[in-house]
Amino acid sequence: MDFNNSLRTQIATKADIVNVIGQYVKLEKKGNNYIGLCPFHDDKNPSMSVSLQKHVFKCFSCGVGGDVITFVSKIKNISISDAMREVGETVGIKVNLSQKDIEFQKNSKYYETLKEAMQFFKFYLHNTEDGTLGLEYLHNRKLPDEVIEMFNIGLTGEDDVLFKTLENKKIIPLDMIEVGLVRGGTQYHDVFKNRIMFPIEDLDGNVVGFSGRKFKKDDPSDSKYINTGETILFKKGNILYNYHRAIKEIKDHNVVYLYEGFMDVIASVRANVLNAVASMGTSLTLNQIKALKRLTNNIIVCYDSDGPGTIATIKAIHLLLQNDCNVSVVRIPSGKDPDEFITLYGNDKLHEVLTSNIVSSIDFLMEYERKNCSFANVNDIDIYKNTSFYNLLTKSSKASLGFSALTIPEANKTPSAPKSIAAFISSPVDIPAPHKTLIFLLIDLTPLTESSTTSGCAWDTGIPVPISSGGSTATASGLKVAIALLVAILFVQTQDSISFCLHNCITSSISASFI
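Residues numbered from 1 in each chain as written. Predicted model: local features only at pLDDT ≥ 70, side-chain atom pairs only at ≥ 80, totals over all residues. Heavy atoms only, no water.

Considering the overall build of the protein
Looking only at helices and strands, one finds 23 helices and 19 strands in the protein. Across the 515 residues of the protein, 49% fall into the buried class. Taking the contacts inside the protein whose residues are at least 6 apart along the sequence as the reference set, 63% of them involve residues at least 24 apart. As displayed, the protein has an accessible area near 24600 Å², and 51% of this comes from carbon and sulfur atoms. (Helix = DSSP H or I, 4+ residues; strand = E, 2+ residues; numbered from the N terminus. Buried < 20%, exposed > 50% of the residue type's maximum accessible area, 1.4 Å probe, protein only. Contact = heavy atoms within 4.5 Å. Areas by Shrake-Rupley, 256 points an atom, 1.4 Å probe, with all protein chains shown as cover.)

In structure tokens, the structure reads:
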């Protein structure tokens, strides 16, 4: 975040930087600039230059530099926000800061430390022998230079090169430790060594941590990735990787792809699916959901398709539905994650999968239950039915499928349950488009056993069941099971006596059809 960028620029431009710095340092004019002894290190020869035209100062010995606000902040050991207020008063500009602005400035030294680290990693990747190997590794992974630059990917080496570099920039070791870059007591050592470095930004685009991946074949480390631990800035549950870059794309498309890891997001961008973020693991949090909902209510979950990824997807679906999101799922073939898939099959194929292999959350949940159900086992069938009812009767599921518009015709609301069943089943029921998936899935409830055929269903009255869906009409006893579930939903919605009778009667009939 460029903190109050326009206001800060206005203050710094209006203030006389030579006059302000001249209160602390004796300055002499030299050409277009002014020079003086730097107050931020033991300067023997004038090494600090001040430019009145550019409104900046720079020490060419210790490297400290910036605008007049930076100078006042450092010379008086006060926060940037306080320095803005102080300098602003001298030029007649009042500074009002939000709590978020104040919090940012309180931690500004940590943000600056991490930004310096990112710049060093990028430099090291492009200007060292190790960097040549690092770039070769990234290119072999099919990451083009523009993607490497977009995501500020870098590299670090051996011999605690980051610590030495930051120390030369007068960043104190304690600050490096607090942001997770350095460890140590009597001696200090880099946390990340010989790794490709991926900066992790917060929702505003500020670097708050890193993930380092080993890339050398002879690296003895057991960990493929090393990540920044929880710090004063890095709170994984508050981070969505690529959020700040994807804001416009998410708003333009009114949907977001939610991935597990940052490499999956990078793969998505390579496949030209730019409205992509990652939850940095499978533990989706309420704070992350709130951030997504500020941009869209439509979430496409694209976690890994292996066992743990599937379980994480199910948890994410329920949490998102509970928070009134519209949820779909992308299924990557062959159990691959997007990064693995794009490496094997290329950008175009991944784009095709991400944009065409999408199923509703209800589809995904029901398919998962079917795969884990042995329909030769009565107990498994009961579990399948109960889970299906649970998934279908939740408030969020009904809302996402559009059941609020579905009602029993007024003429059928009579105390006579059998008559109402017959009348309801034999009446045409218009099914809006969002219900198509539900109906087609629930047809599968009928042929769960060999005896449950179109003509042999225990509660098959022989009455045709015309159900309209997208202009087409289907008739089958399996659709009566769908009607039964819809009636159950009506009972939950209306709590009226007739739907209660229907619910009880038909539920017992369905149970009989599985015995």
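We are not done yet, so read on.
Brief notes about the side chain of serine 51
Turning to its location among the elements, serine 51 is positioned in strand β3 (residues 48–51). Beyond its immediate chain neighbours, meaning those up to four positions away, serine 51 contacts Ile17, Asn33 and Val56.

With respect to the sheet that holds strand β14 (residues 298–302)
Each strand in a sheet pairs with another by means of backbone hydrogen bonds, the pair being arranged parallel or else antiparallel. The strand order across the open sheet built from 5 strands is β13-β12-β14-β15-β16, with neighbouring strands paired in mixed fashion. Both edges of this open sheet fall to β13 (276–278) and β16 (358–360), since each of them pairs with a single strand only. Each strand axis lies, on average, 30° off the axis of its neighbour in the sheet, ignoring direction. With 3 bridges joining them, strand β12 (residues 256–259) and β13 adopt parallel strand pairing. By the bridge assignment for β13, leucine 258 is matched with valine 277. Across the face of the sheet, helix α12 (residues 262–270) comes into contact with β12 and β13 while running at roughly 170° to β13. (Pairing = 2+ DSSP bridges. Axes fitted to C-alpha atoms, helices over the stretch in contact; angles between N-to-C directions.)

Observations regarding α12
Among the 9 residues in α12, 9 count as buried, and that is most of the element. Those residues of α12 that sit buried are Phe262, Met263, Asp264, Val265, Ile266, Ala267, Ser268, Val269 and Arg270. Count one or two residues on from α12 and you reach asparagine 272, which has phi positive near 65°.

As for the pairing of β14
Most of β14 sits inside the fold, with 4 of its 5 residues counted as buried. Here β12 pairs with β14 via 4 bridges, running parallel. Note that in β14 the partner of valine 256 across the bridge is isoleucine 299. Two strands pair when backbone bridges link them, and β14 and strand β15 (residues 326–330) are joined in this way by 4 bridges, in the parallel orientation. Its bridge partner lying in β15, valine 301 is registered against valine 329.

With respect to the side chain of glutamine 288
Position of glutamine 288 among the secondary structure elements: in helix α13 (residues 286–293). The exposure class of glutamine 288 is buried, given its relative accessible area of 1%. Not counting residues up to four positions away in its chain, the partners in contact with glutamine 288 are Lys236, Gly237, Ile239, Leu240, Ser279 and Ser283.

Here's the deal with the confidence of the model for the protein
When pLDDT is averaged along the protein, the result is 77, and 72% of the positions lie at 70 or above. Note on residues 395–481: pLDDT under 50 across the span, and 154 contacts to partners over four residues away in sequence or across chains. (pLDDT = per-residue confidence, 0-100.)

Topic: the pattern of salt bridges
Enumeration according to the criterion identifies 14 salt bridges in this entry. Between lysine 76 and glutamate 86 there is a salt bridge, and its shortest N-O distance comes to 2.7 Å. Placement of lysine 76 in helix α3 (residues 68–76) and of glutamate 86 in helix α4 (residues 80–90) is noted, with a sequence separation of 10 residues between them. Its relative accessible area of 31% is what places glutamate 86 among the partly exposed residues. The partner of arginine 141 in a salt bridge is aspartate 339, with the nearest N and O atoms 2.6 Å apart. Taken together, the residues arginine 141 in the loop between α7 (129–140) and α8 (145–150) and aspartate 339 in helix α15 (residues 338–345) connect sequence positions 198 residues apart. For the pair shown, arginine 141 and aspartate 339 are each scored as buried. (Salt bridge = Lys/Arg side-chain N within 4 Å of Asp/Glu carboxyl O.)

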